Amino acid sequence: MNYLLLAGLIVALLALGWVAWRYLRLHRRLDAYAVTIRRAAEGTDLPADVPGLEEFSNAVNGLSAAFNTQLSSVEAERAKLASVLEQMTDGVLIADADGQVTFMNPAAGRIFGAQAGRRVAEVLRQYQLVEAWQRCCETGEAQSETVELPARRQFLQLFALPDRQTGGSLLLVQDLTRVRRLETVRRDFISNISHELRTPLASLKALTETLRDGALDDPQAAPRFLGRIEIEVDALTQMAQELLELTRIESGQVPLELAAVDPARLLHSAAERMRMQAERAGLELTVEAAAGLSTVRGDTARLEQVLVNLIHNAVKFTGPGGAVILSAENDGEFVRFAVKDTGAGIPEDDLERVFERFYKSDRARSGGGTGLGLSIARHIVEAHGGKIWVESVEGRGSAFFFTIPLF
């Protein structure tokens, strides 16, 4: 009996020792696994020579490599998306379910002058846009709205898209100001050219009908009517020539013969060409060339054409007894030319459009002319690498400026 108890005790002790040995071995292996996983999380290479860990290390290494590949792919896509949003000219805003703007690209910041972290209503500010966003949130459907901001002369179009997963919304804002302006220019161009053509064509039709009805046999009336027909034909010819020239300049088909040009000599030459016209209008035409003017790089004939066009406008809109002053002065890497008058001036709303084709600020006093002179002048100046602009106060005269680079 005692032997049996002793044998059982020995067996129990051996079993307990074997269990303890297995437990310690398993515990060490688990500790090694924990170290391996921690090193994998830290990005450290996994040990392949740890006893019992080779297969596990290979598996973890494979999982880590796959995870890193997916992470790199996600980061690359995120970088592409960030670059696209950064370069977009349209504004993009993301709002959460509480109406808080959590993301805003640079374009949206420029349009609204705000930053992320504020509420949608505080960013949009315009009630039409805010109502469109609210409708999107309430109905769960896409909404759009177009508004005009007269204070900033801006046209904005908003698209509000719901995010049904998060309850938030995506807002896309397009600045249509330039598109609307181009549409206005196109519409006005068609209207203006139709008007400019209708007047001489109607005159020609009336004159020819009068001649056909018997005026041709009148020795006194016939020459007068024929002279009037010649004037109208000349006006149409001039319009066609200026349109053709403007089109060629815009398309770059008119090469500039660039050379060193003396600004003072250019001013005096243009003044002499227009002096007789100024005297007939009862105006004083003077040249004020600053001392030590630098030579500019330009096409003499084309630059003189710019000055003549500007002087012609000044003479046309300045009453008898007024003055037209031509001047030039150094301005950094440019020479700045100016044609100033003491005439009727230009309304503030027309200042941005005076260089458009056929645009006339006041048809009642514009009289003749095609309305293409200033547009041609702008394209010639820009072809030289300069810029042209106007400053005017209605009733107090105008000043046209343009710059030409130094030689």
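Quick caveat: nothing in here was measured; it's all calculated off a predicted structure.

1. Some points on the overall build of the protein
Scanning the protein from N- to C-terminus turns up 11 helices and 12 strands. Relative to its 407 residues, the protein shows a buried fraction of 36%. The contacts in the protein between residues at least 6 apart in sequence include a share of 56% that link residues at least 24 apart.

2. Focus on the packing of helix 8 (residues 263-280) against helix 9 (residues 300-316)
Between helix 8 and helix 9, the shortest axis-to-axis distance is 9 Å and the interhelical angle comes to 35°. Seen along the crossing, helix 8 lies across helix 9 with a hand that is right-handed. The segment helix 8 lies against helix 9, with Leu266, Leu267, Ser269, Ala270, Ala271, Arg273, Met274, Gln277 and Ala278 engaging Thr300, Leu303, Glu304, Leu307, Val308, Ile311, His312 and Val315. When grouped by side-chain class, the residues that make up the contact of helix 8 with helix 9 number 11 nonpolar, 4 polar and 2 charged.

3. Considerations on the environment of Arg178
Along the chain, Arg178 turns up in helix 6 (residues 177-212). Here Arg178 falls in the exposed class, since its relative accessible area comes to 61%. Separated by 23 residues in the primary sequence, Arg178 and Phe155 have C-alpha atoms spaced 8.5 Å apart.

4. Overview of the sheet that holds strand 5 (residues 169-175)
Backbone-to-backbone hydrogen bonds join strands into a sheet, with any given pair of strands oriented parallel or antiparallel. With antiparallel pairing, the 5 strands of this open sheet are ordered in space as 2-1-5-4-3. Both outer strands of the open sheet, strand 2 (101-104) and strand 3 (143-149), are each paired with one neighbouring strand and no more. Neighbour to neighbour, the strand axes of the sheet diverge by 20° on average, direction disregarded. Sheet analysis places strand 1 (residues 91-95) next to strand 2, joined by 3 bridges and oriented antiparallel. If you follow Ile94 over to strand 2, its bridge partner there is Phe103. Helix 5 (residues 127-139) contacts strand 3, strand 4 (154-162) and strand 5 of the sheet and is inclined by roughly 175° relative to strand 3.

5. Digging into a nonpolar patch on the surface
A surface patch of nonpolar side chains, about 320 Å² in accessible area, is lined by Leu9, Leu13 and Leu16. By secondary structure assignment, the location of Leu16 is in helix 1 (residues 2-41).

6. Section: the pattern of salt bridges
In this structure the tally under the stated criterion is 8 salt bridges. Two residues, Arg228 and Glu232, come together in a salt bridge whose shortest N-O distance is 2.8 Å. Highlighted residues: Arg228 and Glu232, both in helix 7 (residues 221-250), separated by 4 residues, approximately one helical turn. Between Glu272 and Arg275 there is a salt bridge; the shortest N-O distance is 3.2 Å. Placement of both Glu272 and Arg275 in helix 8 is noted, with a separation of 3 residues, approximately one turn of the helix.

7. Considering helix 9
Its 17 residues place the ends of helix 9 24 Å apart at the C-alpha level, agreeing with the 24 Å of an ideal helix rising 1.5 Å per residue. In terms of residue burial, helix 9 counts as a mostly covered element, since 13 of its 17 residues are buried. The N-terminus of helix 9 is capped by Asp299, whose side-chain oxygen sits 3.2 Å from the backbone nitrogen of Ala301.

8. Some points on the side chain of Asp299
Assignment of secondary structure puts Asp299 in the loop between strand 8 (296-298) and helix 9. The buried charged residue Asp299 lacks any salt bridge, with Arg302 as its nearest oppositely charged partner at 5.1 Å. Here the side chain of Asp299 touches Glu257 through a polar contact of 2.9 Å, landing on its backbone nitrogen. Within polar-contact distance, the side chain of Asp299 engages the backbone nitrogen of Ala301 at 3.2 Å.

9. Section: the packing of aromatic side chains
Applying the stated criterion across every chain yields a total of 3 aromatic pairs. Geometrically, the ring pair formed by Phe337 and Phe402 is stacked, given 4.9 Å between the ring centres and 10° between the ring planes. Here Phe402 lies in strand 12 (residues 398-405) and Phe337 lies in strand 10 (residues 334-341), a separation of 65 residues in the sequence. As far as the burial class goes, Phe337 and Phe402 line up, both buried. Where Phe355 meets Phe400, the ring centres are 6.0 Å apart and the plane angle is 85°; that geometry is what we call edge-to-face. On the criterion of sequence distance, the pair formed by Phe355 in the loop between strand 10 and helix 10 (363-366) and Phe400 in strand 12 is long-range, its members being 45 residues apart. Since its relative accessible area comes to 9%, Phe355 is described here as buried. Exposure remark for Phe400: the relative accessible area of 6% places this residue in the buried category. When the ring centre of Phe225 is taken as origin, the NZ or CZ atom of Arg224, which lies over that ring, is 5.2 Å away. The ring of Trp389 carries Lys387 above its face, with NZ or CZ at 5.3 Å from the centroid.

The rules behind each value
What you see as residue numbers is a count from 1 along each chain, following the sequence as written. A pLDDT threshold of at least 70 governs which residues receive local features in this predicted model, and a stricter bar of 80 or more applies before side-chain atom pairs are shown or counted, although totals over entire chains, interfaces and linings include all residues. Side-chain figures throughout are based on the complete set of non-hydrogen atoms in the structure, without hydrogens or water. Where helices and strands are cited, they refer to DSSP runs of H or I of at least four residues and of E of at least two residues respectively, numbered from the N terminus. When a residue's accessible area, from a 1.4 Å probe over protein chains only, is under 20% of the maximum for its type it is buried; when over 50% it is exposed; and in between it is partly exposed. Contacts are assigned to residue pairs with any non-hydrogen atoms lying within 4.5 Å of each other. Helix axes are fitted only over the stretch in contact, all axes being lines through C-alpha atoms; the angle between N-to-C directions runs from 0 to 180 degrees. Here a crossing is taken to be left-handed if its near helix is turned anticlockwise relative to the far helix by less than a right angle, and right-handed if that turn runs clockwise. Residues are grouped as follows: Ala, Val, Leu, Ile, Met, Phe, Trp, Tyr, Cys and Pro are nonpolar; Asp, Glu, Lys and Arg are charged; all remaining types, including Gly, are polar. Here, strands pair whenever DSSP counts at least two bridges between them. Residues forming no salt bridge and having over 30% relative accessible area are the ones grouped into patches, like charges within 9 Å of each other and nonpolar side chains (Val, Leu, Ile, Met, Phe, Trp, Tyr) within 5 Å. Values of accessible area rely on a 1.4 Å probe in the Shrake-Rupley scheme; residue burial ignores everything except the protein chains shown. The salt bridge criterion pairs a side-chain nitrogen of Lys or Arg with a carboxyl oxygen of Asp or Glu, the two atoms within 4 Å. Residue count minus one, scaled by 1.5 Å, sets the expected span of a helix. Think of a polar contact as two N or O atoms within 3.5 Å of one another; within protein, one of them needs to be a possible hydrogen donor and the other a possible acceptor, and neighboring residues in sequence only count if both atoms come from side chains. His is not counted here, nor are the chain ends, while Lys and Arg score as positive and Asp and Glu score as negative. The criterion for an aromatic pair is that two Phe, Tyr or Trp rings (for Trp, the six-membered ring) have centres within 6.5 Å, with stacked assigned to planes under 30 degrees apart, edge-to-face to planes over 60 apart and tilted to the rest. Should the NZ of a Lys or the CZ of an Arg lie within 6 Å of a ring centre and within 35 degrees of the ring normal, that charge is described as sitting over the ring.

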